[in-house]
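Each chain is listed here by its residues.
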Amino acid sequence: MLNIMLCGAPGCGKGTQSALLVEKYNLKHLSTGELLRAEIESKSEVGILADSYISKGNLVPDEMIIEILLKSTDLLANKSCGFILDGFPRTVEQAMALENISKGSPNDINFLIDIQVETKELITRLLKRGETSGRSDDNLDTIKKRLQIYETKTAPVNDYYKGLGKYHAINGMGEVDEIFSRISEVINTEFKK
Ligand code: AP5
Ligand code: MG
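Report follows, based on the coordinates.

Let's shift gears to the pairing of strand β1 (residues 3-7). Counting buried residues in β1 gives 5 out of 5 residues, a clear majority hidden from the surface. Alternating positions in β1 separate into two faces, Asn3, Met5 and Cys7 on one and Ile4 and Leu6 on the other, with burial throughout. In terms of strand pairing, β1 meets strand β3 (residues 83-86) through 4 bridges, oriented parallel. Note that in β3 the partner of Met5 across the bridge is Leu85.

As C-alpha cells, this is what we get:
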C-alpha cells in the first residue's frame, strides 16, 4: 500500500501535486488544512477556534489536529487504497504520534517527499492566490509568519524522517507537470526496491 506524506513550506505545491497524485496512483487525499477550512466554513466551535490560529499564521495545537485527523478520516481503518497526507505532520510531536498510530499496520507511512521552493517564489504564489482564494492567511504579513513558523516548527520534521530513512527532497521550482514528474520518479523508484 502506498502511503506518503507531501511536505514543504506554505505555497510549495502540496495541494496542487496531491490532486495529480490521487489520479495517477489511486490514493485518498488527506489535507489537514482543508479539514480545518471545512470546520471554519461550517462555523463549528472547532472551526472558530482554529481560525484564531490560522488567520495569524500560527499552527493549531497538536492535540486539536490529531483529533480532527482521526475523527475525520479512516486513517486507522482497513482500506482498499493508500493515502497522501498533505500538511501533516507539521511538528516533530505530530510525526511521533503518527508513527505510533500507524507503525506495523497497513497504514504505515512509506516516506515523506519534501517539495523545496525558493522563498521569493513561495510569496509570489501565495499573494497571487490571495487575490481570489478568500483564505484568511493569504496576505503578506500572515504569509511571512507562516514561513517563519515553517522554519522553526516544521522543518525539523524532515530530520526526524531522515533519521528513519524515510525522507526524499525534490526541486519544487518550475512548471507543475515537471514537478509532478520528479515526484512520480521518486515514488516509482521506491516501489521498484
Ligand atoms: P495548509 O492548508 O496546509 O496550508 P500551507 O501549508 O500554508 O500550504 P498551502 O495550502 O498554502 O500551499 P500548498 O503547499 O498546498 O500549495 P498549493 O498547491 O496550494 O495549512 C493552513 C493552516 O492550517 C496552517 O498555517 C496551520 O495554521 C493550519 N494547519 C494545517 N495543518 C496543520 C497541522 N498539521 N498542524 C497544525 N496546524 C495545521 O499552491 C499554492 C499556489 O501556487 C496555488 O495558487 C497554486 O495554483 C500555485 N502553484 C502551485 N504549483 C505551482 C507552480 N509549479 N508554479 C506556479 N504556481 C504554482
Ligand atoms: Mg495546501
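Anyway, onward from the coordinates.
A few words on the packing of helix α6 (residues 119-130) against helix α7 (residues 140-163). Closest axis-to-axis distance for the α6/α7 pair is 10 Å, and the angle between their directions is 140 degrees. Judged on the interaxial angle alone, α7 and α6 are oblique. For the pair α6 and α7, the sense of crossing is right-handed. Of the residues in α7, those touching α6 at Thr119, Leu122, Ile123, Leu126, Leu127 and Arg129 are Leu140, Ile143, Arg146 and Leu147. Taken together, the residues that form the contact of α6 with α7 break down as 7 nonpolar, 1 polar and 2 charged.

Residues Leu21, Ile113, Ile183 and Ile187 are the most contacted members of the largest nonpolar core, which totals 25 residues. Looking at this core, the elements that each hand over two or more residues are β1, α1 (14-25), β4 (111-116), α6, α7 and α8 (176-192). Residue contributions to this core peak at 5 residues, all from α8. Those residues in contact with Ile187 that sit more than four places away from it in its chain are Leu2, Ile4, Leu21, Tyr25, Phe111 and Ile113. Listed in part, the 21 residues of the second largest apolar core include Met5, Leu36, Ala95 and Tyr167.

Around ligand 1 sit 31 residues in total, of which Thr16, Asn58, Arg90, Arg129 and Arg146 are the nearest. Backbone polar atom of Gly13 to an oxygen atom of ligand 1: 3.1 Å apart, as the coordinates give it. Contact between ligand 1 and Gly87: a nitrogen atom at 3.0 Å from a main-chain N or O atom of the residue. Across the complex, the protein chains shield 86% of the 1000 Å² of accessible surface that ligand 1 would expose by itself. For the shell around ligand 1, the elements supplying multiple residues, two or more each, are α1, α2 (32-41), α6 and α8. No other element matches the 4 residues that α2 contributes to the shell around ligand 1. Partitioning the shell around ligand 1 into residue classes produces 12 nonpolar, 10 polar and 9 charged.

The rules behind the values
Residues numbered from 1 in each chain as written. Chains lettered and ligands numbered in written order. Predicted model: local features only at pLDDT ≥ 70, side-chain atom pairs only at ≥ 80, totals over all residues. Heavy atoms only, no water. Buried < 20%, exposed > 50% of the residue type's maximum accessible area, 1.4 Å probe, protein only. Helix = DSSP H or I, 4+ residues; strand = E, 2+ residues; numbered from the N terminus. Pairing = 2+ DSSP bridges. Axes fitted to C-alpha atoms, helices over the stretch in contact; angles between N-to-C directions. Parallel < 35°, antiparallel > 145°, perpendicular 65-115°, else oblique. Left-handed = near helix turned anticlockwise from the far one by under 90°. Contact = heavy atoms within 4.5 Å. Nonpolar A, V, L, I, M, F, W, Y, C, P; charged D, E, K, R; others polar. Core = buried A, V, L, I, M, F, W, Y, C linked by side-chain atoms within 4.5 Å. Near = heavy atom within 4 Å. Polar contact = N/O pair within 3.5 Å; in protein donor to acceptor, adjacent residues only side chain to side chain. Areas by Shrake-Rupley, 256 points an atom, 1.4 Å probe, with all protein chains shown as cover.

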